[in-house]
Amino acid sequence: MESIVSQALIGVSYGLLLFMLAAGLTLIFSMMGVLNFAHASFYMLGAYVAYQISTWIGFWAALVLAPLALFALGAFVERWGLRRVHKWGHVPELLFTFGLSYIVVEMVQVIWGRAAVPYRVPAELDGPVGWLQSFNVIFPQYRMFMMAVAIAMLVAIWLVLTRTRIGLVIQAALSHPQQVEALGHNVPRVFMLVFGGGSALAGLAGVVGGNAFVTEPAMAGTVGAIVFVVIVVGGMGSLAGAFVAALLIGLLESFGKVSDWSVASGLNALGASVGPGTPGYEVLKLTLSQVAPVLPYLLLVLILIVRPKGLLGTRED
Amino acid sequence: MAPGSVFPPNVGQVAYRPLNFGRWVVWGFTALLFIAMPVFFSKGFALTLMSQMGIMIIFALSYNMLLGQSGMLSFGHAVYSGLGAFFAMHAMNAIDAGTLAWPVSLLPLIGGLAGAFFGVVFGYLTTKKAGTPFAMITLGIGEMVFAASLMFPGFFGGEGGITGDRAAGAPFLGVLGLTFGPAIQVYYLIAAWSFACMVAMFALTHTPLGRIANAVRDNPERAEFIGYNTQRVRWLMLILSSFFAGIAGGLTAINFEIVSAENVHAIRSGGVLLAAFIGGVAFFFGPILGAIVFVIFAVALSEFTKAWQLYLGVFFVLLVMFAPGGLSSLILMNLRVMKFRKFGRLRDPYFGVLVSALALAFGAVMLIELTYHLTLNVGQGDRVRLFGFLFDTTRANAWVFATSVFLAAGAAFEYYRRQFRREWDAVQVEIEDWIRENP
């Protein structure tokens with residue numbers, strides 16, 4: 001029981017981190033039609049910048065400053081890169097961000113080297129959560145903090161999008177950009193803000209995710225593909241869908257990783273005698289923990305067959 | 001001929017089809033180039049370079065069947081070439097063990113068939129969507145195959161991959177005694193396959209399927225209205241493209257005699273995308289050019305610097321920003337200017353732009369290499385050899401020199417770029433006006 005609770009908590013915290021990434025990505029996508037391939041690179045950059053700042057003035061300053069730096073970078077990329085490419089169409093826009101992801105990962109290696117950097121959890125949040133320990137559940141405090149940040153971010157996005165003037169303009173520009181422009185709003189600047197905001201969200205995810213996991217040049221690659229799976233499974237452009245899908249995949253990963261259940265053991269438990277002589281034993285003997293890396297992608301394939309527009313998606317294309 | 005048409009097939013129609021002389025010259029010249037290259041570049045390194053170019057040409061052209069011809073941006077094309085390579089490698093080992101009677105020279109065919117098979121399976125899923133979702137799904141499938149390849153060490157050989165011996169089986173055409181042991185024989189095998197695939201893929205662009213694929217790319221709705229199932233068309237193109245990718249994979253297996261999970265990795269998929277786009281996806285010959293440039297970056301440049309991916313990325317981003325048609329469109333635009341005899345006006349601006357760009361690149365490369373040396377080659381001393389000179393990374397003068405070259409050249413480049421831009425736009429407007437007035 002205790003292990004189930006702690007696995008569930010690990011899954012939820014990982015899922016919330018994925019959601020922080022997916023939120024920015026899906027926001028940018030639904031607004032500008034641009035699939036930002038560099039999004040995971042911004043996540044990585046957020047972690048590295050936070051590491052650098054935390055060595056100078058500490059983690060709490062990094063928590064604020066690194067997302068701001070990523071906001072500036074994202075706005076710069078939109079203003080001087082994407083906006084120029086916009087006139088060529090969506091594929092060049094996508095390819096621009098794809099090329100950017102190459103450059104970012106190399107620049108990170110130029111500046112911080114190829115090995116992982118020692119970006120650590122702040123001392124205040126080191127160690128397991130006290131009140132959970134009394135239930136025999138060992139769960140790191142920092143993961144709890146991560147969840148709190150993600151939920152705070154979720155609430156903040158929701159408030160900004162629904163309760164503020166700029167949020168209403170963003171929502172309007174999402175569906176009717178020409179009309180919003182005709183009403184006198186600077187739509188390109190709104191795009192710039194959205195792209196910068198999305199990058200800042202990725203950066204924030206990097207700040208809190210970088211020290212929970214490992215801050216290394218490969219971290220963009222490991223999470224990048226999963227985030228795409230999240231937004232396809234959730235439904236392209238749907239924030240709520242991304243939330244559900246991110247939690248689903250987070251739980252799938254955390255429970256899959258520790259289970260040594262396999263088809264062979266299941267069949268044996270039912271009375272069949274499956275051994276090395278059985279045809280297809282190579283596949284049957286694989287435990288769930290061995291299959292875990294493939295599970296999100298299998299989910300993607302399954303969703304495509306059963307419900308092509310995603311869990312909560314509305315777009316058909 | 002559509003049913004119910006006025007004319008019965010081949011009756012009452014006289015088609016005027018002159019011999020397309022230019023096309024024969026181009027293809028003949030390409031074949032000659034393939035044959036003659038080893039005469040000029042006979043060193044071992046040049047041979048491996050050319051062999052890899054031959055393989056990459058097939059791979060990039062097969063990729064362009066998706067991106068350029070059918071409008072499908074795939075991020076998982078290495079799946080088909082990689083799986084083709086694995087099957088070819090297992091076949092090679094079976095030949096070696098004597099359980100399969102099949103010439104090594106035809107191994108790529110096995111790779112191609114394996115690629116096409118997986119094209120049928122995965123393509124059915126991926127081609128359900130077009131546009132951006134297609135891109136993401138192919139990425140997901142690519143990651144899935146890569147993760148799965150590490151799960152089945154029996155077939156994929158785990159981290160180390162599987163190896164083989166390409167000199168297996170009876171020598172090809174006993175009389176000639178071709179064993180494909182020596183690199184030069186492998187080169188000619190690759191060249192022959194490369195040329196054959198080029199011709200086949202070019203021919204495909206002229207078939208009804210190739211044409212309707214273009215229609216599906218440009219306007220899927222209209223293609224559907226004239227009675228075509230767009231998903232079916234995309235699927236068929238993907239299967240054919242996977243077939244050629246599988247051939248490229250089979251040749252990789254022969255060339256390197258080792259296939260590992262890296263062959264299906266996303267880096268490989270990204271590489272072929274870069275190659276095709278750098279060359280230009282709008283013209284058939286674009287990816288050929290792109291494959292050559294890409295191999296030069298990935299194989300030749302990586303001999304000199306660890307930062308080659310950075311240079312490749314910057315080069316790619318600059319192309320996307322300023323010449324999204326790739327190198328082939330740049331060449332054709334300039335040829336058009338030459339054809340209208342206006343190139344003389346561009347010569348001076350070109351000179352300024354190119355010289356300042358070279359200086360800018362020199363400064364940037366120097367800065368990057370100095371930084372790289374400082375962070376990555378910590379154990380190798382303070383000195384670094386750049387462009388034939390030794391620089392000390394701990395002393396300020398190298399940094400000051402590099403920075404000042406970078407800044408000065410950057411300013412000069414911006415100046416000449418504007419001048420060039422003005423002249424170039426003016427020339428283009430003149431040409432387009434002329435074309436409009438003399439249709």
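Residues numbered from 1 in each chain as written. Chains lettered and ligands numbered in written order. Predicted model: local features only at pLDDT ≥ 70, side-chain atom pairs only at ≥ 80, totals over all residues.

### With respect to the overall build of chain B
Part 1 of the argument: Counting its regular elements, chain B contains 16 helices and four strands.
Part 2 of the argument: Dimensions of chain B, computed from C-alpha atoms along their principal axes, come out at roughly 70 × 65 × 45 Å.
Part 3 of the argument: Residue burial in chain B is summarised as follows: out of 439 residues, 41% are buried.
Part 4 of the argument: Relative to all contacts within chain B whose residues are 6 or more apart in sequence, the contacts with residues 24 or more apart total 76%. (Helix = DSSP H or I, 4+ residues; strand = E, 2+ residues; numbered from the N terminus. Buried ≥ 20, exposed ≤ 12 C-beta atoms within 10 Å, placed from the backbone. Contact = placed C-beta atoms within 7 Å.)

### Observations regarding the interface of chain A and chain B
Where interface size is quoted, it is often the accessible area lost as the parts come together.
Part 1 of the argument: With 37 residues of chain A at the contact, the number on the chain B side is 35 residues.
Part 2 of the argument: Mapped by element, the contributors of at least two residues to the side of chain A that touches chain B are α3 (59-85), α4 (90-112), α10 (219-234), α14 (288-291) and α15 (295-306) of chain A.
Part 3 of the argument: Looking at the side of chain A that touches chain B, the element that brings in the most residues is α4(A), giving 12 residues.

### Here we look at the environment of B:Thr375
Part 1 of the argument: In this structure, B:Thr375 sits in helix α15 (residues 343-376).
Part 2 of the argument: Here B:Thr375 falls in the partly exposed class, since 13 other C-beta atoms lie within 10 Å of it.

### Observations concerning the domain arrangement of chain B
Residue and element names in this part refer to chain B.
Part 1 of the argument: By the assigned domains, chain B splits into domain 1 (21-332) and domain 2 (341-437).
Part 2 of the argument: If you average the C-alpha positions of domain 1 and of domain 2, the two centres end up 33 Å apart.
Part 3 of the argument: Contacts between the two partners involve four residues from domain 1 and, on the opposite side, four residues from domain 2.
Part 4 of the argument: Residue classes in the side of domain 1 that touches domain 2 are distributed as two nonpolar, one polar and one charged. (Domains from an automatic or database assignment. Nonpolar A, V, L, I, M, F, W, Y, C, P; charged D, E, K, R; others polar.)

### Overview of the nonpolar core
Part 1 of the argument: If you look at the biggest cluster of nonpolar residues, it comprises 198 residues, and the most contacted ones within it are A:Leu18, A:Met20, A:Ala22, A:Val227 and A:Val230.
Part 2 of the argument: Tallying contributions element by element places helix α1 (residues 2-32) of chain A first for this core, with 17 residues.
Part 3 of the argument: Not counting chain neighbours up to four residues away, the residues in contact with A:Met20 comprise A:Ala150, A:Met153, A:Leu201, A:Leu204 and A:Ala205.
Part 4 of the argument: Among the nonpolar cores identified, the runner-up in size contains five residues, and B:Val353, B:Leu360, B:Ala409 and B:Phe413 belong to it. (Core = buried A, V, L, I, M, F, W, Y, C linked by C-beta atoms within 7 Å.)

### Examining the packing of helix α2 (residues 39-56) of chain A against α10(A)
Residues and elements named next belong to chain A.
Part 1 of the argument: With their axes 8 Å apart at the nearest point, α2 and α10 run at an angle of 140° to one another. Our classification of the angle between α2 and α10 gives oblique. As α2 packs across α10, the resulting crossing turns out to be right-handed. Touching His39, Ala40, Ser41, Tyr43, Met44 and Ala47 of α2 are Met219, Ala220, Val223, Gly224 and Val227, all from α10.
Part 2 of the argument: Among the residues forming the contact of α2 with α10, the class breakdown is eight nonpolar, three polar and no charged. (Axes fitted to C-alpha atoms, helices over the stretch in contact; angles between N-to-C directions. Parallel < 35°, antiparallel > 145°, perpendicular 65-115°, else oblique. Left-handed = near helix turned anticlockwise from the far one by under 90°.)

### Concerning α15(A)
Every α-helix carries 3.6 residues per turn, so stepping three or four residues along brings you back to the same face.
Part 1 of the argument: Taking 1.5 Å as the rise per residue, α15(A) with 12 residues should run 16 Å; its terminal C-alpha atoms sit 16 Å apart, in good agreement.
Part 2 of the argument: Here α15(A) has its buried residues at A:Pro296, A:Tyr297, A:Leu300, A:Ile303 and A:Leu304. One side of α15(A) holds all its buried residues, which, seen down the axis, span an arc of 115°. Along α15(A), exposed side chains directed more than 90 degrees from the buried face belong to A:Leu302, A:Ile305 and A:Val306.
Part 3 of the argument: On its buried face, α15(A) sits against α10 and α11 (239-258) of chain A together with α4 (107-126) and α5 (131-149) of chain B. (Expected span 1.5 Å × (residues − 1). Arc of directions from axis to C-beta.)

### Quick notes on unusual backbone geometry
All names here are of chain B.
Part 1 of the argument: At Glu257, a position not held by glycine, the phi torsion is positive, near 60°.
Part 2 of the argument: Positioned with a positive phi, Arg341 is a non-glycine residue whose angle comes to about 55°.
Part 3 of the argument: One can find Arg341 in the loop between α14 (326-339) and α15.

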